[in-house]
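What follows is the residue order along each chain.
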Amino acid sequence: GQYLCDVPSCRSVLKRCNNDVAHGACNCLPDASSGEPLCIYCGLNQVIPSLDAEANLAKWRKLEAAKRRTLYTVRALGFPVAAASDPPLRFAFLTDINGPVTTGHENGLITINVREADDVERERTRVQMGEPQRTLVGHFRHELGHFYWDLLVKNQRLDEFRSLFGNELDPSYDVAMRRYYDQGPPSDWNEQFVSEYASMHPWEDFAETFNTYLDMASIVSTAAQQQIATTLHDDFESLLLAYCEIGSAVNELNREMGLKDLVPEIIHPTVAAKLRFVDELRRQTDEARPHPLDAPHFADIVAAAD
Ligand SMILES: [Zn+2]
Ligand SMILES: [Zn+2]
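This section reports on the structure supplied with the text.

So, how was this worked out
Residues numbered from 1 in each chain as written. Chains lettered and ligands numbered in written order. Predicted model: local features only at pLDDT ≥ 70, side-chain atom pairs only at ≥ 80, totals over all residues. Heavy atoms only, no water. Helix = DSSP H or I, 4+ residues; strand = E, 2+ residues; numbered from the N terminus. Expected span 1.5 Å × (residues − 1). Buried < 20%, exposed > 50% of the residue type's maximum accessible area, 1.4 Å probe, protein only. Contact = heavy atoms within 4.5 Å. Donors = N, O, S within 2.8 Å, 3.2 Å for Na, K, Ca; no water. Tetrahedral: all angles 85-135°; square planar, octahedral: opposite > 155°, others 65-115°. Axes fitted to C-alpha atoms, helices over the stretch in contact; angles between N-to-C directions. Parallel < 35°, antiparallel > 145°, perpendicular 65-115°, else oblique. Nonpolar A, V, L, I, M, F, W, Y, C, P; charged D, E, K, R; others polar. Patch = residues over 30% accessible without salt bridge, like charges linked within 9 Å, V, L, I, M, F, W, Y side chains within 5 Å. Areas by Shrake-Rupley, 256 points an atom, 1.4 Å probe, with all protein chains shown as cover. Salt bridge = Lys/Arg side-chain N within 4 Å of Asp/Glu carboxyl O. Left-handed = near helix turned anticlockwise from the far one by under 90°.

### What about helix α8 (residues 236-256)?
Within an α-helix, residues lying three or four positions from one another point in the same direction, as the helix has 3.6 residues per turn.
So, point 1. Counted at 1.5 Å a residue, the expected span for α8 with its 21 residues is 30 Å, and the 30 Å between its end C-alpha atoms agrees.
So, point 2. Here α8 has its buried residues at Phe 236, Ser 238, Leu 239, Leu 240, Ala 242, Tyr 243, Ile 246, Gly 247, Asn 251 and Asn 254.
So, point 3. Buried residues in α8 make contact with α7 (202-225) and α9 (269-284).
So, point 4. Following α8 by one or two positions, Gly 258 has its phi on the positive side, about 70°.

### Quick notes on the coordination of the zinc ion (ligand 1)
So, point 1. In this structure, Cys 17 (SG), Cys 26 (SG), Cys 39 (SG) and Cys 42 (SG) serve as the protein donors to the zinc ion (ligand 1), at separations of 2.3 to 2.4 Å.
So, point 2. One can describe the site at the zinc ion (ligand 1) as tetrahedral: its four donor atoms subtend angles covering 106 to 117° at the metal.
So, point 3. For the zinc ion (ligand 1), the single-chain donor residues occur in sequence as C-x8-C-x12-C-x2-C. Here the residue Cys 17 occupies a position in the loop between β2 (13-15) and α1 (18-23), and Cys 39 occupies one in the loop between β3 (28-29) and β4 (45-47), the gap between them amounting to 22 residues.
So, point 4. Taking relative accessible area as the criterion, Cys 39 reaches 2% and is therefore assigned buried.

### Some details on the packing of α7 against α9
So, point 1. It is at 9 Å that the axes of α7 and α9 come closest, and there the two elements cross at 70°. On the basis of the axis angle, α7 is roughly perpendicular to α9. When α7 is examined against α9, the residues Asp 205, Phe 206, Thr 209, Phe 210, Thr 212, Tyr 213 and Met 216 are found in contact with a partner set consisting of Lys 274, Leu 275, Phe 277, Val 278, Asp 279, Leu 281 and Arg 282.
So, point 2. Of the residues that constitute the contact of α7 with α9, the class distribution is eight nonpolar, two polar and four charged.

### Some points on a nonpolar patch on the surface
So, point 1. Side chains of Met 129, Met 177 and Tyr 181 sit close together on the surface and give an oily, nonpolar patch of about 290 Å² of accessible area.
So, point 2. A relative accessible area of 48% means that Tyr 181 is categorised as partly exposed.

### Some remarks on the packing of helix α4 (residues 136-153) against α7
So, point 1. Where α4 contacts α7, the two axes come as close as 8 Å, and the packing angle between them is 115°. Note that α4 runs across α7; the crossing there is right-handed. Contacts between α4 and α7 involve Gly 138, Arg 141, His 142, Leu 144, Gly 145, His 146, Tyr 148, Trp 149 and Val 153 from the former and Trp 203, Glu 204, Phe 206, Ala 207, Glu 208, Phe 210, Asn 211, Leu 214, Asp 215 and Ser 218 from the latter.
So, point 2. Among the residues making up the contact of α4 with α7, the classes are represented as nine nonpolar, six polar and four charged.

### Structural notes on the coordination of the zinc ion (ligand 2)
So, point 1. Donor atoms from the polypeptide that coordinate the zinc ion (ligand 2) comprise His 142 (NE2), His 146 (NE2) and Glu 204 (OE), at 2.0 Å from the metal.
So, point 2. Every donor residue of the zinc ion (ligand 2) comes from the same chain, spaced as H-x3-H-x57-E. Here the residue His 142 occupies a position in helix α4, and Glu 204 occupies one in helix α7, the gap between them amounting to 62 residues. When sorted by exposure, His 142 lands in the same class as Glu 204, which is buried.

Shown next as structure tokens:
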């Protein structure tokens, strides 16, 4: 079956991604002319869990949905999303079957423990770690922060990074990690960091800040699409202001329902400067932003062709 984009200026002929056809795990529609069976998002997978176990299929579908949502935002903001980058971006979704798996990033490979897609397990970890939120999109946003540090900061803007986030070599990551788990965050962490975990080491600070920047950009753009927010200004100051306004309003709504805050963090000026650094990174890569019609197609926005 082929599909046709119903945007009159587009009319691309599309096909279903093979992860949808075979597993119901994708709703992205690649161009019918593409020689690849998988869409751009599924094509980044290096390892998926064994689907012999029914429970793994349900968890993998949740992981893919969170991955697509996150990468869609990242790409729309102008960050490069390609398997051809150096290091290439890839994903591995692993279970603990062959020993403990740590969620993390190394040299372009983002590993997520499949257990994180189990709501009970994830909530238990959130309470143990004292985190205000723990979500699958949050995992992808954080680990992508590590990836973009390698791709856009390490060899290009290291001095500027160190003036805002500190020297990533002193103390070393291992020393900083041991100190954090022994002593916890400094008591005034929220004046300098977006989360407690961000206070551990400059790399984690950047990943947590990147995570929050993506929260900010996706909440403000979706609020504009849903006509909750007023006119969408594209500059950083307006973005931050809109995020804080929407956040405090929705926090109150959530509290009425006994739900967790949408926006738990308080953005002090030091944190705002770090967020602005991420904003500048995505603007410097603006030329890589795809033409709107090059954006991926999803099953809910196209009509089936006859
Ligand atoms: Zn796909
Ligand atoms: Zn991290």
